[in-house]
Amino acid sequence: LELRRLAFCAAEAALAQAVGAAAVAGGEGLAWTAAVGVEDVAAYVADVKEFLLKFSSKPHCFFDLKPFVSLLSGADAESVLEALKGASHGDARKAAEASKTEARLQRALRRGAGGSMEEVKRLLSTPAVPAEGDDGAGDPALPPEEFLLLAVVELVDADRAAGAMGGREHLMDALALAELGVSRYPQAFHFNVLLVLINSALCLPSAMLKWYYTLEIKNIQFESLSYLAFDALCLAGCHEQIREVGRSIHGFHEDMDKDGEEAVSMAFNSCLQRAPEYLESLQFVSRSLLWGRAVVEESFCEIGQAPTWEALLEGLSRQSTLVAALKARGDDYWLQRNQDRCLLNGLNPLPLCTPLGTDAYSSQAWRRSGGPLPTASLQAARTDAACSACAIWPQPLGEAPSAASSRHEPSAVEQMLVRGREYSPAQLTLSAAMLSLLSAVVRPEGANAEQVAEALTSARGAAQRAGVRAEVAAATDVASWGRASALRLALLACEAAGETLRCIAGQECWERVEERLAAIAGEVPAVVARILNKDRPDGAPSAAAFAFGCRAGPEMLWTLLHSCLTVVLPVALWLCTSLPKIGGKKGKEGSEALHASRVSLKNVLAAVQTALADLQPELVSAQKAAAPADVGSGLIAEAFPNGGAVAAHRAEVAQAAAEAHRRHLEKLQEEVACRAALIKSRGAFKP
């Protein structure tokens, strides 16, 4: 199979040179077959079938075949599945293992068509074959581990297919089955990972953290797996939990710096051949984007939890030196490749690739690029220690494959795994620059205009690279309001601070300050109205804004509190004492614009106070109605007709999820109250 695949690679490379790579990867993604004969493709498919018939009863079969079946689509893929269905294995245990391979292949080759409830029922109805030495402990009604895992990911796909109009009963079923999987198969870490992702999708940070800690990650796993919790917390809150996970990331990097230096020193003294490996590891870890995010997010948490101006100043000063160092590093410095986002790759559909395109899903590809790791992996790294001559052959067939050489429709679980990948190095630089600007502005001894100007220049450049439009006229559609929109408002506040210093020095007119403050004052009420669904025709808040399973409301609220107001409020409170009543050197000529700026500042404070006041009662009301609308599970009743214990467990899971949801709303209410207390601590402002 590897010989044929490499021959196909050579043919594809020759065809691409003749007609262009886009033509080779066009259409169904199989135009490369024009470069080889029909007989060659048929022989290749026959070899795949032969491999399956010989080794389908082995656990490694599916994973060995991934780079080869990823080339198959349509009738070829169907014929492979049909050949496996008709195979006879004789021994019951071999037949059971072959059925697992068949189930994995069906999932892998059903590209973009997940979420079938009939498939879920089929998987759950598969009886488990007791392993050798199994005493029968656990619930005998549960299917084998692989079938249960596949049923859970199918249910997650079904939840995505239901969309906003559907309930979350599919996710609740998946949650219950995954918890049963943990108790029945305690060594299968995939269930724990799925529980982390599902609780994150339900916006239940406390429940998500509980299952995250059951993974018991240690050492380098803090770098490769902490994103599972950190990404979810940065999207949904709250501060204490973000700081808790951030401290574990900091602790690992501190230990890595200390132990890594000792390892390198030892290598130079006793095992010189390991020195390059140790130095490379230290370099990659020190350039971790996750570590940079942890530093910035901890600083945002320090500011966000400050109930008074004095506490805010203390929070800004704590990490100011480290944040300034992060700002000075370019986007190319940071690496995203350290996070393992393909740890569930055996449960997801395979990409449809050309022969050269399979290399884009090998560990070698992401090691070269430094970019984020894909969620699908087809090939492990080639090694000179392999005993197979084919496995160590180099790939002298042209340049690295392009994205056009493969087509991949990610499953719902894969989309959960990559939610944090949108946080780019440019966004990290932008956040660090805004924190540096705050530190330079609110200093007790007075603002440093030079540092403010330097930080503002850095922030504007990072915003442009991150796709954050900082123009006043670039009003955001609140229906799609998210992190980029929050950063835009925060940057407008920073620009208002910088323009204020220039106006005081007589270098700028006050109109620019007024424009930025007016833009903030106008957008904040619209965002809160969108959070509470007040933008409906009747103008009344919807009860579903913070309902169980509704992720949009809590996540949008957290983005407003954490990514926007954490910067806007310190700037606004500083302006209360920094805006003069007379336009400095411009005298009376600029007094009208200055007065308009002060009025806009008053409007910003009033808009934020009104928004926080509107949010408080809605959060309180949602806590009282936090129980999910759970009418039982038809799937559980149908798949486990005699499984009363399974149905009872499903009900317990629903109750626990409702309590976790209530706790999260309570935390959000505390965060809202903290912002309101900060505004009140500075007293009233009169324009």
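Residues numbered from 1 in each chain as written. Predicted model: local features only at pLDDT ≥ 70, side-chain atom pairs only at ≥ 80, totals over all residues. Heavy atoms only, no water.

J.: I'm lost on the overall build of the protein in this one. Help?
T.: The helix and strand tally for the protein stands at 28 helices and two strands. Within the protein, the proportion of its 687 residues that are buried is 53%. Residue pairs at least 24 apart in sequence account for 78% of intrachain contacts in the protein once pairs closer than 6 positions are excluded. On the protein, roughly 29000 Å² of surface is accessible, and the fraction owed to carbon and sulfur atoms is 54%. (Helix = DSSP H or I, 4+ residues; strand = E, 2+ residues; numbered from the N terminus. Buried < 20%, exposed > 50% of the residue type's maximum accessible area, 1.4 Å probe, protein only. Contact = heavy atoms within 4.5 Å. Areas by Shrake-Rupley, 256 points an atom, 1.4 Å probe, with all protein chains shown as cover.)

J.: What should I look at first to understand the packing of aromatic side chains in this one?
T.: Aromatic rings considered in pairs are described by the distance between their centres and by the relative angle of their planes. Counted according to the given criterion, the structure contains seven aromatic pairs. Between the aromatic rings of tyrosine 333 and tryptophan 334, the centroid separation amounts to 5.0 Å while the plane-to-plane angle is 90°, which identifies the pairing as edge-to-face. A network of ring pairs unites the aromatic residues Trp291, Tyr333 and Trp334 as a single cluster. Above the plane of the ring of tyrosine 333 lies arginine 287, whose end atom (NZ or CZ) is 5.7 Å from the centre. Across the ring face of tyrosine 227, the terminal group of arginine 341 is positioned such that the distance to the ring centre comes to 4.2 Å. (Phe/Tyr/Trp six-rings, centres within 6.5 Å; stacked < 30°, edge-to-face > 60°. Lys NZ or Arg CZ within 6 Å of the ring centre and 35° of its normal.)

J.: What am I meant to see in the nonpolar core here?
T.: What tends to happen in soluble globular proteins is that the nonpolar side chains get buried as a cluster. Core analysis: the biggest nonpolar cluster contains 167 residues, and Leu228 and Phe546 have the highest contact counts within it. The greatest single-element share of this core, amounting to 16 residues, is contributed by helix H25 (residues 552–578). The contacts of phenylalanine 546, once residues within four sequence positions are left out, are Ile531, Leu532, Gly553, Pro554, Leu557, Leu615, Glu618, Leu619, Ala622, His661 and Leu665. Judged by nonpolar contacts, the second largest core, of 28 residues, contains Phe8, Phe68, Ala108 and Cys353. (Core = buried A, V, L, I, M, F, W, Y, C linked by side-chain atoms within 4.5 Å.)

J.: How should I be thinking about the packing of helix H11 (residues 205–214) against helix H14 (residues 239–270) in this particular structure?
T.: A pair of packed helices can be characterised by two numbers: the angle between their axes and the separation between those axes. Taken N-terminus to C-terminus, the directions of H11 and H14 make an angle of 20°; their axes are 11 Å apart at the nearest point. Here H14 runs roughly parallel to H11, going by the angle between their axes. Viewed along their axes, H11 and H14 form a crossing whose handedness is left-handed. Taking contact as the criterion, the partners of Pro205, Ser206, Leu209 and Tyr213 in H11 are, on H14, Gln241, Glu244 and Val245. (Axes fitted to C-alpha atoms, helices over the stretch in contact; angles between N-to-C directions. Parallel < 35°, antiparallel > 145°, perpendicular 65-115°, else oblique. Left-handed = near helix turned anticlockwise from the far one by under 90°.)

J.: Sorry, what's going on with a negative patch on the surface here?
T.: Taken together, the side chains of Glu254, Asp255, Asp257, Asp259, Glu261 and Glu262 make up a negatively charged region of the molecular surface. Positionally, glutamate 262 belongs in helix H14. (Patch = residues over 30% accessible without salt bridge, like charges linked within 9 Å, V, L, I, M, F, W, Y side chains within 5 Å. Salt bridge = Lys/Arg side-chain N within 4 Å of Asp/Glu carboxyl O. Lys, Arg positive; Asp, Glu negative; His and termini not counted. Charge placed at Lys NZ, Arg CZ, Asp CG, Glu CD.)

J.: So what exactly am I meant to see when it comes to the side chain of serine 597 here?
T.: Relative to the helices and strands, serine 597 resides in helix H26 (residues 591–624). For serine 597, a relative accessible area of 0% gives the class buried. The contacts of serine 597, once residues within four sequence positions are left out, are Trp510, Val513, Glu514, Leu517 and Leu579.

J.: Can you walk me through empty space enclosed by the protein in this structure?
T.: Empty space among the atoms can be located by rolling a probe the size of a water molecule over them. By the definition in use, this model includes eight cavities of 30 Å³ or more. The volume enclosed by the largest cavity comes to roughly 140 Å³. Lining the largest cavity are 14 residues, with Cys234, Leu235, Glu422, Tyr423 and Arg483 sitting closest to its centre. Taken together, the elements giving at least two residues each to the lining of the largest cavity come down to helix H13 (227–236), helix H16 (289–304) and H25. For the lining of the largest cavity, a count of residues per class yields four nonpolar, four polar and six charged. By volume, the second largest cavity amounts to about 100 Å³. (1 Å grid on protein atoms, 1.4 Å probe; cavity = no way out; pocket = protein on both sides within 12 Å on 5 of 7 lines; lining within 4 Å. Points joined across faces, edges and corners; volume = space filled by probe spheres on them. Nonpolar A, V, L, I, M, F, W, Y, C, P; charged D, E, K, R; others polar.)

J.: What exactly am I supposed to notice about H25 here?
T.: Given 3.6 residues per turn, any residue in an α-helix points the same way as the ones three and four places further on. The end-to-end C-alpha separation of H25 is 37 Å, in line with the 39 Å expected for 27 residues at 1.5 Å each. Where H25 bends most, the angle comes to about 55°, and this point is leucine 565. Buried residues dominate H25, accounting for 25 of its 27 residues. (Expected span 1.5 Å × (residues − 1). Bend = angle between axes of the 7 residues up to and from the residue.)

J.: I tried to follow a nonpolar patch on the surface on my own but got confused; where do I start?
T.: A contiguous nonpolar patch, built from Phe268, Leu272 and Leu279 and spanning about 310 Å² of accessible area, is present on the exposed surface. With respect to the secondary-structure elements, leucine 279 resides in helix H15 (residues 275–286).

J.: Explain the pattern of salt bridges here, please?
T.: Pairing between side chains of opposite charge can happen when the charged atoms of each approach one another. If you walk through the whole model with that rule in mind, you get 35 salt bridges. For arginine 419, the salt bridge goes to glutamate 555, with nearest N and O atoms at 2.6 Å. Residue arginine 419 is found in the loop between helix H20 (412–417) and helix H21 (425–441), and its partner glutamate 555 is found in helix H25; the two are separated by 136 residues along the sequence. Residue arginine 516 pairs with glutamate 515 through a salt bridge whose shortest N-O separation is 3.9 Å. Taking the relative accessible area as the measure of exposure, arginine 516 reaches 8% and is therefore buried.

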